[in-house]
Amino acid sequence: MAIRTLRHRTAALSATFLALFLGTVIVMTCGGLLETGIRNNAPAQRLAGADLVVTGDRDLPRGDETAVLPERPALDDSLTAAVRNVPGVERAVPERVFEAAVLGSANAPDAQAHGWSSAAVTPYELTAGRAPAGPRDVVLDEATARAYGVRPGDEVRVAAQGGAEAYRLTGVVRTAHAVDRGAVFFTDDHARALSPAVADIAVTAAAGTDHGELKDRLGEVVADRTAQAQTPAKVVSGDDRGAVEYPAVLTRKEDLIALAGAFGGMATLVAVFVVSGTVALSVERRRREFALLRTVGATPRQLRRLLLAETLMVALVAGVAGWFAGPPAGERLFEEFTGSGMVSGAVTYEQGWIPAVAAAGALLLTSLLGGFLGGRRGVKVTAVEAMAESTVRTRWATPARIVAALLFLAGAVALAILTWVLFDGPIAASTAGPTVLCTAIALALLGPGLTKLCTVLISGPVRAVTGASGELAVVTARTRAVRMAGVVTPVMLAVAMATANLYLQTTQTDASREAYAQNLRADAVVDSASGTLDPALTADVRATEGVAAAGAYVTSTGWIDGVGDEDGVPLQGIDARGAARTTALDPVEAGGTAHAPRAMGEVADLTGRTIALPAGAADGRSVGDTVEVRFGDGAAVDLRIAVLFEGRAGYDTAFVPAGLLAGHTDGALPQQILVRAEDGTSAAALTASLEKTLADHPGTAVADRDALIEANIKDTETQAWVNYLMVGMIVAYTAISVVNNLVLSVSGRRREFGLQRLAGATRRQVLRMLTIEALIVAGIGVALGTAAAATALVPFSHAAADSMVPTGPLSIYAAVVAGAVALALTATLVPGWAALRARPAEAALAEE
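Since the model is a prediction, treat every value here as computed from it, not as a measurement. (Residues numbered from 1 in each chain as written. Predicted model: local features only at pLDDT ≥ 70, side-chain atom pairs only at ≥ 80, totals over all residues. Heavy atoms only, no water.)

A. Here's a closer look at the overall build of the protein. Within the protein, the secondary structure is distributed over 27 helices and 22 strands. Relative to its full complement of 848 residues, the protein shows a buried share of 52%. When contacts within the protein are restricted to residue pairs at least 6 apart in sequence, long-range pairs at least 24 apart make up 81% of them. Summing over all exposed atoms, the protein offers an accessible surface of approximately 35,600 Å²; the carbon and sulfur share of this is 57%. (Helix = DSSP H or I, 4+ residues; strand = E, 2+ residues; numbered from the N terminus. Buried < 20%, exposed > 50% of the residue type's maximum accessible area, 1.4 Å probe, protein only. Contact = heavy atoms within 4.5 Å. Areas by Shrake-Rupley, 256 points an atom, 1.4 Å probe, with all protein chains shown as cover.)

B. How the structure looks around helix 24 (residues 750–758). Every buried residue of helix 24 is accounted for by Glu752, Phe753, Gly754, Gln756 and Arg757. Downstream of helix 24 by a residue or two, Gly760 has a phi angle that is positive, lying close to 120°.

C. A look at helix 6 (residues 211–225). Counted at 1.5 Å a residue, the expected span for helix 6 with its 15 residues is 21 Å, and the 21 Å between its end C-alpha atoms agrees. Buried residues of helix 6: Leu214, Leu218 and Val222, and no others. Buried residues of helix 6, seen end-on, are gathered within an arc of 65° and therefore sit on one face of the element. Across helix 6 from its buried face, at more than 90 degrees, point the exposed residues Asp216, Glu220 and Asp224. (Expected span 1.5 Å × (residues − 1). Arc of directions from axis to C-beta.)

D. Region of interest: the pairing of strand 4 (residues 89–95). In terms of burial, strand 4 is a largely internal element, five of the seven residues being buried. Where strand 4 meets strand 12 (residues 200–205), six bridges bridge the pair, whose relative direction is antiparallel. Pairing of Arg91 across the sheet is with Thr204, part of strand 12. (Pairing = 2+ DSSP bridges.)

E. Expanded view of the confidence of the model for the protein. Per-residue confidence for the protein gives a mean pLDDT of 82; residues scoring 70 or more make up 90%. In the predicted structure, residues 591–598 sits below a pLDDT of 50 and forms nine contacts with residues beyond four places in sequence or in another chain. (pLDDT = per-residue confidence, 0-100.)

F. Fine view of the environment of Leu293. In this structure, Leu293 sits in helix 10 (residues 287–295). In the structure, Leu293 is positioned ten residues away from Leu303 in sequence and 8.4 Å away in space, judged by C-alpha atoms. Leaving out residues up to four positions away in the same chain, Leu293 has contacts with Met1, Ala298 and Leu303.

G. Here's a closer look at the pattern of salt bridges. Within this structure, the stated rule accounts for 14 salt bridges. Put simply, Arg96 and Asp77 hold a salt bridge, and the shortest N to O gap is 3.6 Å. With Arg96 in the loop between strand 4 and strand 5 (98–102) and Asp77 in the loop between strand 3 (65–68) and helix 3 (79–84), this pair connects stretches of sequence that are 19 residues apart. For Arg96, a relative accessible area of 5% translates into the label buried. Overall, Asp77 belongs to the partly exposed group, its relative accessible area being 40%. Taken together, the salt bridges that share partners define one network made up of Arg130, Asp137 and Arg168. (Salt bridge = Lys/Arg side-chain N within 4 Å of Asp/Glu carboxyl O.)

H. Geometry of the packing of aromatic side chains. In total, this model carries eight aromatic pairs according to the counting rule given. Consider the rings of Trp116 and Phe185, whose centres lie 5.7 Å apart with planes at 90°: the pair is edge-to-face. Here Trp116, found in the loop between strand 6 (111–115) and strand 7 (125–129), pairs with Phe185, found in strand 11 (residues 182–186); they are 69 residues apart in sequence, far enough to count as distant. The exposure class of Trp116 is partly exposed, given its relative accessible area of 22%. With a centroid separation of 5.3 Å and 70° between ring planes, the pair formed by Tyr124 and Phe185 is classed as edge-to-face. You can see Tyr124 sitting in the loop between strand 6 and strand 7 and its partner Phe185 sitting in strand 11, a full 61 residues away along the chain. The class of Tyr124 is buried, set by a relative accessible area of 9%. Judged by its relative accessible area of 1%, Phe185 falls in the buried class. Aromatic ring contacts, followed pair by pair, group Phe98, Tyr167 and Phe186 into a single cluster. Between the NZ or CZ atom of Arg136 and the centre of the ring of Tyr167, over which it lies, the distance is 5.3 Å. (Phe/Tyr/Trp six-rings, centres within 6.5 Å; stacked < 30°, edge-to-face > 60°. Lys NZ or Arg CZ within 6 Å of the ring centre and 35° of its normal.)

I. Broad picture of the pairing of strand 11. Along strand 11, five of the five residues are buried, which leaves the element largely enclosed by surrounding structure. On strand 11, burial covers both faces: Gly182, Val184 and Phe186 on one face and Ala183 and Phe185 on the other are all buried. Looking at chain direction, strand 6 and strand 11 are connected through five bridges and run parallel. Its bridge partner lying in strand 11, Ala111 is registered against Gly182. Relative to strand 11, strand 8 (residues 137–141) is paired through two bridges, and the arrangement is antiparallel.

J. Region of the structure containing the packing of helix 15 (residues 429–445) against helix 17 (residues 481–518). Closest axis-to-axis distance for the helix 15/helix 17 pair is 10 Å, and the angle between their directions is 165°. If you check the angle between helix 15 and helix 17, you find them roughly antiparallel. Here helix 15 runs over helix 17; the crossing is right-handed. Residues Ala429, Ala432, Gly433, Val436, Ala440, Leu443 and Ala444 of helix 15 form the contact with helix 17, whose own contacting residues are Thr489, Met492, Leu493, Ala496, Ala500, Leu504 and Gln508. A class-by-class count of the residues in the contact of helix 15 with helix 17 yields eleven nonpolar, three polar and no charged. (Axes fitted to C-alpha atoms, helices over the stretch in contact; angles between N-to-C directions. Parallel < 35°, antiparallel > 145°, perpendicular 65-115°, else oblique. Left-handed = near helix turned anticlockwise from the far one by under 90°. Nonpolar A, V, L, I, M, F, W, Y, C, P; charged D, E, K, R; others polar.)

K. Broad picture of the sheet that holds strand 13 (residues 233–236). In spatial order, the strands read 4-12-1-13; together these four strands make up an open sheet with antiparallel pairing. The sheet is open, and its two edges are formed by strand 4 and strand 13, each paired on a single side. Put simply, the sheet's adjacent strands are angled 20° from each other on average, direction ignored. Set on the sheet, helix 6 makes contact with strand 1 (52–56), strand 4, strand 12 and strand 13; between it and strand 13 the angle comes to about 175°.

L. Examining the packing of helix 17 against helix 22 (residues 705–712) more closely. Interhelical geometry of helix 17 versus helix 22 gives an angle of 130° and a closest axis separation of 9 Å. In terms of their interaxial angle, helix 17 and helix 22 are classed as oblique. Handedness of the helix 17/helix 22 crossing: right-handed. Where helix 17 approaches helix 22, its residues Arg513, Tyr516 and Ala517 are matched on the opposing element by Arg705, Leu708, Ile709, Glu710 and Asn712.

Put into structure tokens, the structure is as follows:
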């Protein structure tokens, strides 16, 4: 029977096919991203010629979790000699890696600088000129030399490690391997002078040496030499070499896994709703058929098996189509992620059989559960009830449905309270998202009753404004409340998810921006093309006309006992001489008594091995106490608390002396200089004065404080953009469900339209009635969706931004509402117009 009915249910089954197909594609896409994050394969580029690499271990155990160090742990220079002496090692090259910029072109590729001996590791080969021989010689790769239009013998200016010097280009190199960063090679001695730290050791095995055995021998030597080190080293091979070159491969891995897993689960849940709604509307259109089947002896089990068989047949076709469409869609989405910086471009996209199996399982779950939920009511009624309800269904509430709705509502309330009471800052987003889903599920279960209630509430105003057409639309909506709920639910779901997720991101971004801006009083910032500045430049900036204060500035991440979580705490390195004017470090009292208050500390005391902590995150400590801080390179240092200041809950930031923090970053130098203008000095005048000072320091530039704020929240905005993209996919999927359901609902009313026209109604009047119905559907869906979104947005805004109202442009909500209305009108009027093309007498004889 299922096979025979497929030919006569093209419209309904096409809607089910589209829902299952798109659900399969989304799940396969998320599965591919998940597999890519788990594998995290990054083929070596610069280290492609090395068989093994000795590098600092960036894994940092933190309780039950493992954090990833954001900075490169430096290796002891003497370790190179020990590695060279290991049997089976043919060559061991100490790698010195630091950022560099060849000045003079805005289109040149990013570049890294190395000693000349590192050229043999990739390997790079000279195509013109010779190797560098003196401290003012330099070699560039072909792409960089081409970007600047220089040849051997020309003079080039290179900014590196806080300075910019003129060098003679002695040679040009190229490699057969794909390398996406430019290369600058100095002599080994000059590279050592610029960057004394050894980043890693590239090892080439002697001919005939087993790489696995050599790796074990090297591991023993490295473990013995670093047994007392705070950041031990390790030996890596294969694609793990790529993670040495691109640390973002490690730091971004968890983000991709969490994002793909969360959205894959959400997509599966949404797919169940979409399919169940589509099947439910299909069943509603076939109630007369099911009534006749029940009358002639069909059992509910037989009808259920019929529906499931039809759904599974459609699912099989949808799964095959999705199997072909999923991988290209996943790879395209991955390209968007790498382009935005969410994922390192060194990672290769991987999608094997695992995502396909996961998508098949999700497809089977969706089709079975969606078919069961969608057809449950239609097959359980008795034969007499089925005949009585074959035209209009009015019963919808069952004890199981009401209990499930109440449970989901209780879960949403619990999550909202948890968000409001326990969480501060961005972490509140972890419970805000599930709150929306729980509320949306509860409202979907109560959809028919809520739809009927909303229709009753708006019936008076609609009648008063729209007249007879509105009267008929309201009566139809109240009578067909159960069917209309199948259309209202996807509208509600799309509005809830779009509104909640978009405003969660805008609120979080704005809160992060405000929290950072509150601690920043600088009017301008001095930056460098190479990412580092000469510490002596700070004195020149201080002496500039119109400058009231200036101080070096460094950023990183660290771990402090009792402060933050396993992800660490943002660390800002500042200069005590300028900190009082360039940052909002206002000391506060913490603890003590009225007769013996604890000391507040002074910003000027933030020198040497000291730290400034937020008073609310000090964990009972006071000024003068000692706290252990593990810096981004893994080094653990005991620091004395010099200042306790008023921080913003959920956005904890610690301050340390710039020189101290710089020593534990990759560049080992200040990254920027914060500048505060004298009273009465305009921003333009300050910029002009600074540009005169910086004219003697090539490769440096000045920007206003807004540029510094935007750079600080770059990661937040990247995460927001990625979430926008993923949420957009699911909302688009839900929007297709809206169209499916509306088309099914309207196209199945040909008999009703025929009878109306036989009674004297014109096409225009019927279309006007449908327009009002579409607006009612959109209005109820928007209202319920907004309510669902508010259950998450209000507590999240309170936790993250200390406000009852989310931040973000009102145009976002206006666009969501306009989209819902446009979808409802289009998906109602187009099939309505098509249904009205038939002659009234023929339409009146059509089956619902």
